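Take a look at the letters that make up each chain.
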Amino acid sequence: MKAIISTMLSTMFLLRPSSVRGLSTFASCSSSRYLLRTAPTQLSRTYDVYTTGTSAAITKTNGGVVMSMSSSPSSSSETRKKKTPKKKKGVQRIDKVLADRGVGTRSQTFEIAKAKRITMASHPDAPHEERTRIKGPKEKVPPDAALFLDGNLLPSAAPLLLVYHKPKFVLSVMEDDKKYKDQERKHLGQVLSARYKRCGMHPVGRLDYDTTGLILFSLEGKLTQRLLHPKRGVEKEYVATVQGKVDAEKLKQMLSDGVETTDGTFSAQLLEVTPSDGPASAPADDEMLWDEESSTEDRAQMDYSGEHSDVRLIVTEGKYRMVRRILANCGHPVVELRRERHGKITLGDLAVGKFRDLKEEELEWAESLLK
């Protein structure tokens, strides 16, 4: 064994054969300790060495080299990292589940769970004797579990997404800017229920003030980011009512090549062009309805009578008033705009100003974005 250690030290640490001397052994159980005296000028350093079938720790000091070796039969079994236990899927901390249900803020629900005021059951009609007491805020439960606060049934879990048909002239914010309070402009914060607002539900992106159609409310910030980020390429489908007759082939090529705006060049996919009866109503006389690229003369000459066309197109980005701007720069000013699809979630026949839950296939698609 001494010869083996001497050879290994000489080879691995480039020690001169003359310096490998005076090897003594101290044995204890299944491990051995070897003391190797070297020149006193050696610097102090520690090495961890792994060789086939042996694990060795070598300490190099002013007084010599101390080497500890484990004579286990297989180093791979010793050096293999322990596997981290897998997290249980489909469960969340009780304080988060309570906060998602609008019971209170995360700190408030933490205190409620800490006070052991929550019980859980397999179904809402379970009698008291079938309910389980939650022991603390760190305990994990299924998000859709039947939960009781002081014996009273709590509302069911908030949905991952809600679909809303936004009317015209509604701001896509949860609260209007303070400087516009006196104007009493309508906003999304006025249409979402207080319970869902307490859960933290928020609009996914924005629709222009004068744009109607589908807008989503999300419970998860991570999902919101994935629905909006351009690199995800999530499609948004619009129907734009524009002035005049449209040359579909020409417009298709222009949109495919990309249209220049002050914010950059953006492309779109044209699906179809059909004749239109025109806008349902003329826009209000509001400065915020106009594109920044529209001149005062353009605004004065805007005519909502005459021939119109409906342009159905797809974009994957959501810059401010982008659809209106690229169509205007193609020579087709938009007089009315409606969003009909976001990813695989469609507006369908949902009435203006109404909400609906996701269909099963829509929910599966939304959940797939989180994987």
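Preceding this section is the structure that the text describes.
Residues numbered from 1 in each chain as written. Predicted model: local features only at pLDDT ≥ 70, side-chain atom pairs only at ≥ 80, totals over all residues. Heavy atoms only, no water.

### Details of the packing of aromatic side chains
For step 1, the next point in the chain: Summed over all chains, the structure comprises 4 aromatic pairs.
For step 2, the next point in the chain: Between Tyr164 and Phe217, the ring centres sit 6.2 Å apart and the planes meet at 70°, which makes this aromatic pair edge-to-face. Of this pair, Tyr164 sits in strand 12 (residues 161-166) while Phe217 sits in strand 14 (residues 212-218), placing them 53 residues apart in sequence. Both residues of the pair, Tyr164 and Phe217, belong to the buried class.
For step 3, the next point in the chain: With a centroid separation of 5.7 Å and an interplanar angle of 50°, the aromatic rings of Phe217 and Phe355 are classed as tilted. Placement of the pair is Phe217 in strand 14 and Phe355 in strand 22 (residues 355-357), with a sequence separation of 138 residues.
For step 4, the next point in the chain: Accessibility expressed as a relative area gives 0% for Phe217, which makes it buried.
For step 5, the next point in the chain: The structure contains a cluster of three or more aromatic residues connected by ring pairs, namely Tyr164, Phe217 and Phe355. (Phe/Tyr/Trp six-rings, centres within 6.5 Å; stacked < 30°, edge-to-face > 60°. Helix = DSSP H or I, 4+ residues; strand = E, 2+ residues; numbered from the N terminus. Buried < 20%, exposed > 50% of the residue type's maximum accessible area, 1.4 Å probe, protein only.)

### Some details on helix 10 (residues 360-368)
For step 1, the next point in the chain: Along helix 10, the residues classified as buried are Glu362, Trp365 and Ala366. Projected down its long axis, helix 10 carries its buried residues within an arc of 100°, all on one side. Among the exposed residues of helix 10, those pointing more than 90 degrees away from its buried face are Glu360 and Glu361.
For step 2, the next point in the chain: The inward-facing, buried residues of helix 10 abut strand 12, helix 6 (221-228), strand 20 (334-342), strand 21 (345-346) and strand 22. (Arc of directions from axis to C-beta. Contact = heavy atoms within 4.5 Å.)

### Description of the environment of Val141
For step 1, the next point in the chain: Topologically, Val141 is positioned in strand 9 (residues 140-141).
For step 2, the next point in the chain: When sequence neighbours within four positions are dropped, the list of residues in contact with Val141 reads Gly90, Val91, Gln92, Ile94, Val97, Met120 and Ile134.

### A word on the sheet that holds strand 8 (residues 132-133)
Within a sheet, adjacent strands bond to each other through the backbone by hydrogen bonds, running parallel or antiparallel.
For step 1, the next point in the chain: The 4 strands are arranged 8-7-10-11 in an open sheet whose pairing can be described as antiparallel. Either end of the sheet is taken by a strand with one partner, and the two such strands are strand 8 and strand 11 (152-153). (Pairing = 2+ DSSP bridges.)

### Brief notes about the pattern of salt bridges
Any two side chains of opposite charge can pair if their charged atoms end up close together.
For step 1, the next point in the chain: A full pass over the atoms with the stated rule returns 20 salt bridges.
For step 2, the next point in the chain: Salt-bridge contacts for Asp176 lead to Arg185; the nearest nitrogen and oxygen are separated by 3.0 Å. Comparing Asp176 with Arg185, the two get one shared label, buried.
For step 3, the next point in the chain: The residue Arg341 makes a salt bridge to Glu237 at a minimum N-O spacing of 2.9 Å. Taken together, the residues span a long stretch of sequence, with Arg341 in strand 20 and Glu237 in strand 15 (residues 236-243) at a distance of 104 residues.
For step 4, the next point in the chain: Classification of Arg341 by relative accessible area gives buried; the value is 15%.
For step 5, the next point in the chain: What makes Glu237 buried here is its relative accessible area of 11%.
For step 6, the next point in the chain: Here the salt bridges share partners, and the residues they tie into one network are Glu235, Glu237, Glu272, Arg312, Arg338, Glu340 and Arg341. (Salt bridge = Lys/Arg side-chain N within 4 Å of Asp/Glu carboxyl O.)

### A short note on unusual backbone geometry
For step 1, the next point in the chain: You will see that Lys116, though not glycine, has its phi angle at about 60°, which is positive.
For step 2, the next point in the chain: The topology assignment puts Lys116 in the loop between helix 4 (106-114) and strand 7 (118-121).
For step 3, the next point in the chain: One non-glycine residue with positive phi stands out, namely Arg321, at about 50°.
For step 4, the next point in the chain: Along the polypeptide, Arg321 turns up in the loop between strand 19 (308-315) and helix 9 (322-329).

### Side note on the pairing of strand 10 (residues 146-149)
For step 1, the next point in the chain: Of the two faces of strand 10, the one lined by Ala146 and Phe148 and the one lined by Leu147 and Leu149 are each fully buried.
For step 2, the next point in the chain: Bridging between strand 7 and strand 10 involves 4 bridges; their strand directions are antiparallel. Bridge pairing links Met120 to Leu147 in strand 10.
For step 3, the next point in the chain: When strand 10 meets strand 11, the two strands line up antiparallel, connected through 2 bridges. Across the sheet, the residue bridging to Phe148 is Leu153, located in strand 11.
For step 4, the next point in the chain: Joining the antiparallel neighbours strand 10 and strand 11 is a turn of 2 residues, in which Asp150 adopts a positive phi near 55°.

### Quick word on the nonpolar core
For step 1, the next point in the chain: Core analysis: the largest hydrophobic core is formed by 33 residues, its most contacted members being Leu251, Leu255, Val311, Leu313, Ile326 and Leu327.
For step 2, the next point in the chain: Looking at this core, the elements that each hand over two or more residues are strand 12, helix 5 (194-199), strand 14, strand 15, helix 7 (248-257), strand 19, helix 9 and strand 20.
For step 3, the next point in the chain: With 4 residues, the single largest contributor to this core is helix 9.
For step 4, the next point in the chain: Non-local contacts of Leu327, meaning those with residues more than four positions away in its chain, are made with Ala240, Val242, Leu251, Leu255, Val311, Leu313, His332, Pro333 and Val334.
For step 5, the next point in the chain: Membership of the second largest hydrophobic core comes to 16 residues, among which are Leu160, Ile345, Leu347 and Leu350. (Core = buried A, V, L, I, M, F, W, Y, C linked by side-chain atoms within 4.5 Å.)

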